[in-house]
Amino acid sequence: MTDFPFVEYSPPRIPADVGLRRGEDFYALMDARRSVRMFSDDDVPRSMIEMAVATANTAPSGAHQQPWTFVAVSDAALKQQMREAAETEERAFYAGRATPEWLEALAPLGTDEHKPHLTDAPWVVVLFRQSYGYFPDGQKRTHFYAQESCGIAAGFFISAIHDMGLVCLTHTPSPMGFLGELLQRPTNEKAMLVMPVGYPAADAAVPDLARKPLEAIAVWK
């Protein structure tokens, strides 16, 4: 039994050769995507962020519970608070755990306690994972596979951002508990991912990295 009625689903059948060409085009688009830490302060219309979030909301989720909340921040003062808190938390984290070898390995990627991207980018979008929800009568409702579902939604969001000519950075401050309080989220929501979004700075540069080849990540049986 199910609470959802079923409707006919019959998307157009695309010939294999056409589908492959479309796949190649999409791969080329996404292969050009890079994580960017240097942002322009050029304005990004709210409508573009709304479209990316709406796209993320089409992602599959456990039991169709859509256990995500996207908090989009453009207010300069609030972004400054987020940056100061993130830098404070990470300084404490690195001081207690980071070895010199670890810090040396992270330095070329720009991964340290300095977070100018949180104030430079016109938008900072924080993805919160809903660990549980509520039934209409107020009783708690378990969310199944919330972590996995939010991860898929994040991928949809990032793809939409790139397709619109914007860039973003997937940033996970350690720890992230301060974001729930700062952004006034309920206790069932836990910050999972911070994504500054905007146009790249005119002098933006990214590490010269190579992705693993297909044969290194795929197994055929």
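In this report, we go over the structure that sits alongside the text.

What counts and what doesn't
- Residues numbered from 1 in each chain as written.
- Predicted model: local features only at pLDDT ≥ 70, side-chain atom pairs only at ≥ 80, totals over all residues.
- Heavy atoms only, no water.
- Patch = residues over 30% accessible without salt bridge, like charges linked within 9 Å, V, L, I, M, F, W, Y side chains within 5 Å.
- Areas by Shrake-Rupley, 256 points an atom, 1.4 Å probe, with all protein chains shown as cover.
- Salt bridge = Lys/Arg side-chain N within 4 Å of Asp/Glu carboxyl O.
- Lys, Arg positive; Asp, Glu negative; His and termini not counted.
- Charge placed at Lys NZ, Arg CZ, Asp CG, Glu CD.
- Helix = DSSP H or I, 4+ residues; strand = E, 2+ residues; numbered from the N terminus.
- Expected span 1.5 Å × (residues − 1).
- Contact = heavy atoms within 4.5 Å.
- Buried < 20%, exposed > 50% of the residue type's maximum accessible area, 1.4 Å probe, protein only.
- Pairing = 2+ DSSP bridges.

On to a negative patch on the surface. Taken together, the side chains of D41, D42, D43 and D120 present a region of like negative charge at the surface. Relative to the elements of secondary structure, D120 occurs in helix α5 (residues 117-120).

Turning our eyes to something else, we now look at helix α6 (residues 146-163). The terminal C-alpha atoms of α6, which comprises 18 residues, lie 26 Å apart, in line with the 26 Å expected from a rise of 1.5 Å per residue. The elements touched by buried residues of α6 are α1 (16-31), α2 (46-56), β1 (68-73), β2 (123-130), β5 (167-168) and β6 (189-198). Phi turns positive, to about 85°, at G165, one or two residues after α6.

Here we take up the pairing of β2. With seven of eight residues buried, β2 lies mostly within the body of the structure. Taken together, the six bridges between β1 and β2 define a ladder with antiparallel strand orientation. Along β2, the bridge assignment pairs A72 with V125.

On the surface, a nonpolar cluster with roughly 430 Å² of combined accessible area is contributed by L214, I217 and W220. Take L214: it is sitting in helix α8 (residues 214-217).

A few words on the pattern of salt bridges. In total, this model carries five salt bridges according to the counting rule given. Residue R46 is joined to E50 by a salt bridge in which the shortest nitrogen-to-oxygen separation is 2.8 Å. Of this pair, R46 and E50 are both found in helix α2, four residues apart, which corresponds to roughly one turn of the helix. Under the relative-accessibility criterion, E50 is labelled partly exposed at 42%. A salt bridge links R83 to E87, with the shortest nitrogen-to-oxygen separation between them at 3.0 Å. Taken together, the residues R83 and E87, both in helix α3 (residues 76-97) and four residues apart, mark about one turn of the helix. The partly exposed category is assigned to R83, whose relative accessible area is 22%.

The strand order across the open sheet built from four strands is β1-β2-β6-β5, with neighbouring strands paired in antiparallel fashion. Among the strands making up the open sheet, the edge pair consists of β1 and β5. Pairing geometry for β5 and β6, over two bridges, is antiparallel. The residue of β6 that forms the bridge with C168 is V197.

Structural measurements only, silent on function.
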